[in-house]
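# Residue-level structure breakdown
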Amino acid sequence: MQEMNDNIDDLIVLFLHRELSETKNDELNKWIGASDNNKALFERLTDQKWVSAELDSFRHYNEDTGWKKVMERLTSDVASTKKDIRNNKIKMQFLLKRIAVAASLLLLTGLGSYFLLSNRLQREINIVKTIQPVKDIQAPKGSKAMIILANGNKLYLDSLSNGALTYQGNVSVMKLTDGQVIYGSAIEMANKKMQYNTLTNPRGSAVVPITLSDGTKVWLNSASSLKYPVTFSKRDRKVELSGEAYFEVAHNKTKPFKVVTNNNSLDQEIKVLGTHFNVNSYTDESTTKTTLLEGSIKISNGNHFLADVLLAPGQQSVLQSNGLNVYAADIEEAVAWKNGYFQFNESDLSTIMRQLSRWYNIDVVFEGNKHPAEVFHFKASKNISLTKMLEMLELNDINFKIEGRTLIVKS
């Protein structure tokens, strides 16, 4: 068996807590690559199925017996010979217990923490397993979204099987094979307390489609959240959006659909009966943009200092601190994110970096006193890695450096 580093337990604990520096990441990679046993041990400690089994089995034992069972299962099929185990028995037991404690403490805080941990491990396992440090950052392959239920419980969608997820009153919540979430149709609320759910889609997560209980379809972009009632009232259908979403509203002439946003104290309400439109209201943007594809919508300002605006298909409203204006829309650019593309038409570098930050889950730092003044016009698939995306920008004499999950822009 490969002689163990004295601090290998520290490195794996740091990995579990997402606190590995680039130097320590290199050190961990070298240890993993030093022997098949090291690799097998590491993979078991960071394997979602193994962690899940430990969560289930640990609850059936007292603490001492539980740890004994953990170490028995952890070492099974890991060491190549019994002699290896005997020669390293003390160090092996100390190592395994230290790491197992770190992993299990996260697990045993509750089911929600288990899903959070398993999501984290699933995202990061590929970074270390490659043996060599990974400099590139890949595009998200799936959703890391969660639904916060009315009772405060959380459903982590990528950790749940397809089919019925839960019931909210008389409404079923289903997850389909394509990842779409569907709320079953229900009887309208009548003099009953409204129950609200919130769909949250973090940075570095793919687009999440959801069908609300009235049949309205919503696509939620990364770094966005949507708060909505489980069942709409008899008077109207109102949701609250932070970030970006595309709506295909089910038509109901007696009950308008309303989308409320608040971007840096700029309140906006969109009122529709049935139509297709896109809303971009990220808090790190200085404007809220609403783009209409089909039907008609009315834009109202919550602060009441601006007149209502009616949009026609092909128009875009832009709400900012000095007013609400209407322009001819670039429809393709507005909904490119939903269709799997980045599209920038005369966009400055800061605007582009904000989109990359949300999609790749990175922090962006500009090195220097001022941002580059160039504007860019290009279209690219959102499935490409970060370095492939940056190659297009580097043609304009802009240099980049990736350190962990931080992108440094050098102009």
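Note that the coordinates shown come from a computational prediction; the quantities given were computed from them, not determined experimentally.

### Notes on the overall build of the chain
Summing up its helical and strand segments, the chain has 11 helices and 23 strands in all. Residues classed as buried in the chain amount to 46% of the 411 residues present. Sequence separation of at least 24 residues holds for 56% of the intrachain contacts in the chain that already meet a minimum separation of 6. Total accessible area on the chain is roughly 20,300 Å²; 48% of this is exposed by carbon and sulfur atoms.

### Thoughts on the packing of helix H10 (residues 349-360) against helix H11 (residues 386-394)
Between H10 and H11, whose axes approach to 12 Å, the crossing angle comes to 170 degrees. With respect to each other, H10 and H11 are oriented roughly antiparallel. Mapping the contact onto sequence places Leu349, Ile352, Met353, Leu356 and Tyr360 in H10 and Leu386, Met389, Leu390 and Leu393 in H11.

### As for the packing of aromatic side chains
For the coordinates displayed, the defined rule picks out eight aromatic pairs. Through a chain of ring-to-ring contacts, the aromatic side chains of Phe232, Phe247, Phe257 and Phe277 assemble into a single cluster. The ring centre of Tyr196 lies 5.2 Å from the NZ or CZ of Lys227, which sits over that ring.

### Comments concerning unusual backbone geometry
With a phi angle near 55 degrees, Glu346 is a residue other than glycine that sits in the positive phi range. By relative accessible area, Glu346 is classed as exposed at 53%. Backbone geometry places Asn361, a non-glycine residue, at a positive phi of 55 degrees. If you trace the backbone, Asn361 turns up in the loop between H10 and strand S20 (363-367).

### As for the side chain of Asn278
Residue position: Asn278 is located in strand S13 (residues 276-281). Relative accessible area serves as the criterion here: at 2%, Asn278 is assigned to the buried category. A polar atom in the side chain of Asn278 sits 3.0 Å from the side chain of Glu244. A distance of 3.1 Å separates polar atoms of two side chains, one belonging to Asn278 and the other to Trp337. Among residues more than four places away in sequence, those in contact with Asn278 are Glu244, Ala245, Tyr246, Lys289, Thr290, Thr291, Ala334, Val335 and Trp337.

The rules behind these values
- Here the residue index of a chain counts from 1 through its sequence in written order.
- Local features in this predicted model are restricted to residues of pLDDT 70 or higher, and side-chain atom pairs are both shown and tallied only at a pLDDT of 80 or more, whereas totals for entire chains, interfaces and linings draw on every residue.
- The side-chain quantities take in all heavy atoms of the structure and omit both hydrogens and water.
- Numbering goes from the N terminus for both helices and strands, where a helix is a DSSP run of H or I of at least four residues and a strand is a run of E of at least two.
- Exposure categories follow from relative accessible area, calculated using a 1.4 Å probe and restricted to protein chains: below 20% of the type maximum is buried, above 50% is exposed, and the middle band is partly exposed.
- Whether two residues are in contact is decided by their heavy atoms, any of which lying within 4.5 Å being enough.
- In this description, accessible areas are obtained by the Shrake-Rupley approach with a 1.4 Å probe, and a residue is regarded as covered only by the protein chains that are shown.
- For helices, the axis comes from a line fit to the C-alpha atoms of the stretch in contact; other axes are also lines fit to C-alpha atoms, and the angle between any two N-to-C directions lies between 0 and 180 degrees.
- Note that the term roughly parallel is reserved for angles under 35 degrees, roughly antiparallel for angles over 145, roughly perpendicular for angles of 65 to 115, and oblique for everything else.
- Aromatic pairs are defined between Phe, Tyr and Trp rings, using the six-membered ring for Trp, whenever the two ring centres lie within 6.5 Å; interplanar angles under 30 degrees are classed as stacked, those over 60 as edge-to-face, and all others as tilted.
- Charges are assigned to positions over rings by a cutoff of 6 Å between ring centre and Lys NZ or Arg CZ, combined with an angular limit of 35 degrees from the ring normal.
- Distance and chemistry together define a polar contact, namely a pair of N or O atoms within 3.5 Å, with one atom able to donate a hydrogen and the other to accept it when in protein, and with adjacent residues in sequence counting only for side-chain atoms on both sides.

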